[in-house]
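Residue-level listing of the chains:
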Amino acid sequence: MATMTRLLILDDDLLTGQTIANIAALAGVDAQYVNEPQAFFQRIKDWQPDFIVLDLVMPGMDGVQVMVELARLGCHAEIIISSGVGGRVLDAAARSASEHGLNIAGVLAKPFSPARLRALISGNAKMDTLSTTFIDRLVTTPTESKIEISRDDLMSALHNEQITLVYQPKINCRTGLLAGFEALARWTHPVLGPVGPDQFIPLAEHYGLIDRLTESVMVQGLRWLAHLPQQLEDSSDFDYLRRRLREITLSINISASSLNNVELFERMNEYCQSMGIRPDRLIFELTESCAMEDPISSLNILTRLRMKGFHLSIDDFGTGYSSMLQLARLPFSEIKIDKSFVMTAAQSKESRTVIKTIIDLGHGLGLYTSAEGIESEETLEYLRSIGCDLAQGYAIARPMAPDAVIDWLRNSRLKSESGRLQALRSLNILDTPPDERFDRITRLAARLFRVPIALFSLVDSDRQWFKSAVGIDITETPRDASFCSHAIEHDTVMVVPDATLDPRFKNNPLVLQEPKIRFYAGCPVHADTGSRLGTLCLIDREPREFSRHDETVLRYAARMVDNELTADFLAHTDPLTGMLNRRGFDTRAQEAIMLCHDVNLQVCLFLFDLVNFKAFNERHGPAAGDRALVEFSRLLRETFRGSDLIARYDDDDFVILMVDIDPLGPETALKRLRAVAGAITQEHPFSYNAGWTLLEHPDDSIQQMALRASEHMHREKE
Ligand code: C2E
Ligand code: CA
Ligand code: CA
C-alpha cells in the first residue's frame, strides 16, 4: 500500500468529487475527497498526495486563492485543475499556477471526459494502460462487461471494417447553404457495442495504429464523397442539389502523430486523383495543441499539405496555448471555435466574448471562421449576427450514417411554391437598389449573346421583379404575363425562338406591346435550398435561333448568378473600396474566362500597382493612403466597363479582367485611364505601373495570366 499513488480531490460538488474518487480508486489509486479548503490544506500536510484535482470555482474560496496558498506551502503534488468554466479561463489559471511554481498536470473541463482524466493521470508511470482504459469504460458504460480492448481487438476492427463513419453537415451561416460534412469515426465492438471515438482514438494512438485508422477514414470518406451525387434519384428536381454536392467539402480529423507521415498524405493525394476529387475539397482538422507542439516542423509539413491543395483547419480553437504569432505563420485556412464556448454561448457572456474575439482574429488573418456545438437556433442566429462563416451542431443536424444523409438532403429541400417564396423573401433582395454584382452578369450576358435586353428576374407571388436589367427601363411586370414564370417550371433553359408563333405567348401583352418580345431564352437561378427563384434571361426584338452550345453558355452565366446569391459577400469584398478582394476575384475570374473563351470573346488581364505606396503612406499617414486607394479605385471604375471584373488584389495592387476586347483594346484602355487620371485634381498625387496580358491558351489559369501581366509590368517599368 505504501507505493500506491495518492490523489486528493477538492470539489464543492459531492457527486463530482465522489465520482472522480471512485474512478481513481478502481484504477488502483488511493483517492480521498474533501469538499472545503480547510480540510483540504490539513490533508495536504498530513497525507502528502501525489496528485491533486482542484475545482476552480467554489463558494467561499476560489481555486486561484487555493493555488496561491499551495504555492506558499511549497506543494510538490501534480495539480489537475477542473471546472465548469470555459477552457480559456482554465488555461489562464493553469498558466498562472505554473508561474507560481506549481506543478500543473493539466486541466479537466467539466463535464469532464474520462479520456481526458485518464490522459492526465496516466502521465504518471505508476498507472498502467490496463487500468486507464478500464477507467474509460467504467465511466461511460458503468454496467458494461469488463472486457479489455487490446491491440488485437483494434487491429481486427480495422481489418474487418468495423470502424465506419458518420457525417455531420456544416452550413454557411449567412446563407444556410450546405458547405460540407465532417467525417467522424464510429466503432461498434462485437461484444462491447458502440465505443466512442474519445476512447478508441487515444487507444489507436497508444497502440501505434492511428495511421491505419486515419487512412481507413480517409478512404471511406473519399469514396462516400465521390458517390454522394449519384445517390439522389435521377430527377431534374435534384439537378441543382447534385451540382452542389460536387462542390461541398469533407473535413477529416488528423491526429498529431499522423501529421509526420508523409507517405500517408502522398497516398491521399493519389486517392483524390483516382476518385476525381479536387484536393481543395478536403479539409484536414488538426487540434490546436497538435499543430503547436512543434511549430517549426509543423510549418514545414502543413505548408506542403497546402501546396498539394488540401485545406487545413485548426480544431478546438481556444483550448490550447497557441500564440497569435504561430497562428498567423501557419498556413491554416479555417479556424474552428471549440464547442465548449459555443455550447455555452446562450448563457455565458464570457463565452460570447471569446467567440467574437476568435472570429475577429480569424477574419483579421484571412481565415474562414467556423463554430461547432451549435445546439440552438438562438446560438446560430447569434453567430450569424457576428459574422461567423460556417456552422455545425445538433441544431443543424447530428452526425448521420450515410443513408440518413441522403434522407436529410432530400428533406432539407423546399420544393413547394410556398417554400420557394419563403426562400425568395428570406434573401431580402426584392425591391432593393441595383447591385454591381448582378449588373456585371447581365451586361456580360448581353455582350456574350449580342442581345439588346438581358434580365435577372425574380418571380414573386404575383409579379416578376428585375433585380438587374440591361436595355429596358421597367422594373416589374405582372406574373401572368411573364415568360420567366414559365421558365422556372423546369430546371432547363427555356427557349422561345419566335414568340409570335408560340401559342403560349403570341397574345402576351409583352409581345404585342413594348418591349415587343420576339425571342426569349431563360435559365433558372436558384436559392441555396434549390428553389428556382427566377431567371437570367435574354430577349430580342427579332426572332432568333439558339444552339445547344448557346444554352450551355447561358446556363453557366446563370450559375454565376447562383453563386453571387449564395456567395459570402462580405468575405469577398474589400471594405475600403467596396471592390472585390482577392478571394472575390479569384472565385469569379476563372469562370468568366471560360465563358468568354467558349464564345470566342477575347479577355485581357490588367495589373496595376501604385508606385511607392508604402513610402507615401509613411509620409502622409494611413488616412491619406486610404484616400489615395479610394481615388484610384474610382479611376479604375470610370475607365473600365460594367461587365469587367475589377478588384483590389492586395494592399496597393489592383487587377482587372476585361472581357470582349479587340487587339488594340488594352492600350486604348490604358490611354483612357491616363486621360481620366490627368483630368482629376491631383489632391493625392500618385503614379502607377500597369501590365497586361491576353488569354493565350484556352486553359490559361488566372495565376498564369497574373504572372504574365506582372512580367509585362516589370518590362514596362524598365
Ligand atoms: P471533434 O473533432 O471536436 O468533433 C466534434 C465532436 O462534437 C463530435 O463528437 C460531434 O459528434 C460532437 N458534436 C457536434 N455537434 C455537437 C453539438 O451540437 N453538441 C455536442 N454536445 N456535441 C456536438 P464525436 O463524434 O464523439 O467525436 C469526438 C472526437 O473524437 C472528435 O472531436 C475528434 O477529436 C475525435 N475523432 C472522431 N473521429 C475521428 C477520426 O476519424 N480521427 C481522429 N484522429 N479523431 C477523430
Ligand atoms: Ca473535428
Ligand atoms: Ca472540434
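Look a little higher up for the structure.
So, here's what we can say about the structure. (Residues numbered from 1 in each chain as written. Chains lettered and ligands numbered in written order. Predicted model: local features only at pLDDT ≥ 70, side-chain atom pairs only at ≥ 80, totals over all residues. Heavy atoms only, no water.)

### What to know about the pattern of salt bridges
In plain terms, the rule: We define a salt bridge as a side-chain nitrogen of Lys or Arg found within 4 Å of a carboxyl oxygen belonging to Asp or Glu. The buried label applies to any residue whose accessible area, calculated with a 1.4 Å probe on protein chains only, is under 20% of its type's maximum; exposed applies above 50%, and partly exposed to all values in between. Working definition: helices are DSSP H or I runs of at least four residues, strands are E runs of at least two. Numbering for both runs from the N terminus.
Counted under the stated rule, the structure contains 35 salt bridges. The salt bridge involving D435 is made with R437; its shortest N-O contact spans 3.4 Å. Each member of the pair D435 and R437 is classed as buried. With its nearest N and O atoms 2.9 Å apart, the salt bridge here joins R518 to D498. A residue pair is termed long-range when its members are at least 10 positions apart, and R518 in the loop between α22 (509–512) and β19 (519–526) and D498 in the loop between β18 (494–496) and α22 qualify at 20 residues. By relative accessible area, R518 is classed as partly exposed at 26%. Here the salt bridges do not stand alone but share partners, grouping R425, D431, D460, R463 and E476 into one network.

### Brief notes about the site of ligand 1
Worth spelling out the cut-off: To be near a molecule or strand, a residue needs just one of its heavy atoms within 4 Å of it. We define a polar contact as two N or O atoms separated by no more than 3.5 Å, with the added condition that, inside protein, one atom must be a possible hydrogen donor and the other a possible acceptor, whereas residues neighbouring each other in sequence contribute only through side-chain atom pairs. All accessible areas in this document rest on Shrake-Rupley with a 1.4 Å probe, and a residue is counted as covered only by the protein chains that are shown. When residues are grouped by polarity, Ala, Val, Leu, Ile, Met, Phe, Trp, Tyr, Cys and Pro land in nonpolar, Asp, Glu, Lys and Arg in charged, and all others, Gly among them, in polar.
What surrounds ligand 1 is a group of 22 residues, the closest being R186, N253, S255, E375 and Y394. Measuring from an oxygen atom of ligand 1, one finds a side-chain N or O atom of E182 at 3.4 Å. The contact in question runs from a nitrogen atom of ligand 1 to an N or O atom on the side chain of E375, over 2.5 Å. Relative to its unbound accessible surface of 790 Å², ligand 1 loses 87% to contact with the protein. Going through the elements one at a time, β7 (178–189), α8 (197–206), β11 (311–317) and α15 (339–343) are the ones with two or more residues in the shell around ligand 1. Per-element tally for the shell around ligand 1: the top contributor is β7, with four residues. Each residue belonging to the shell around ligand 1 can be placed in one class, and the counts come to nine nonpolar, five polar and eight charged.

### What about empty space enclosed by the protein?
Here is the rule we go by: Put simply, the grid is 1 Å and covers the protein atoms alone, a cavity is a trapped set of points that fit a 1.4 Å probe, a pocket is an open set with protein on both sides within 12 Å along at least five of seven lines, and lining residues have an atom within 4 Å of a point. Grid points are joined across faces, edges and corners, and a volume is the space filled by probe spheres set on the points.
The final tally for this structure, using the stated rule, is three cavities of 30 Å³ or more. What the largest cavity holds in volume is close to 90 Å³. Mapped onto the lining of the largest cavity, the elements with two or more residues apiece are β16 (463–470) and β20 (532–540). Among the residues making up the lining of the largest cavity, the classes are represented as 12 nonpolar, two polar and no charged.

### As for the coordination of the calcium ion (ligand 3)
Test applied: The donor set covers N, O and S atoms within 2.8 Å of the metal, switching to 3.2 Å for Na, K and Ca, and it leaves out water, so a site may look short of donors.
Around the calcium ion (ligand 3), the protein contributes the donor atoms D315 (OD), D316 (OD) and E372 (OE), which lie 1.8 to 2.4 Å from the metal centre. Separating the calcium ion (ligand 3) from the calcium ion (ligand 2) is a gap of 3.9 Å, bridged by D315, which donates to each. Of this pair, D315 sits in strand β11 while E372 sits in strand β13 (residues 368–372), and the two are 57 residues apart along the sequence.

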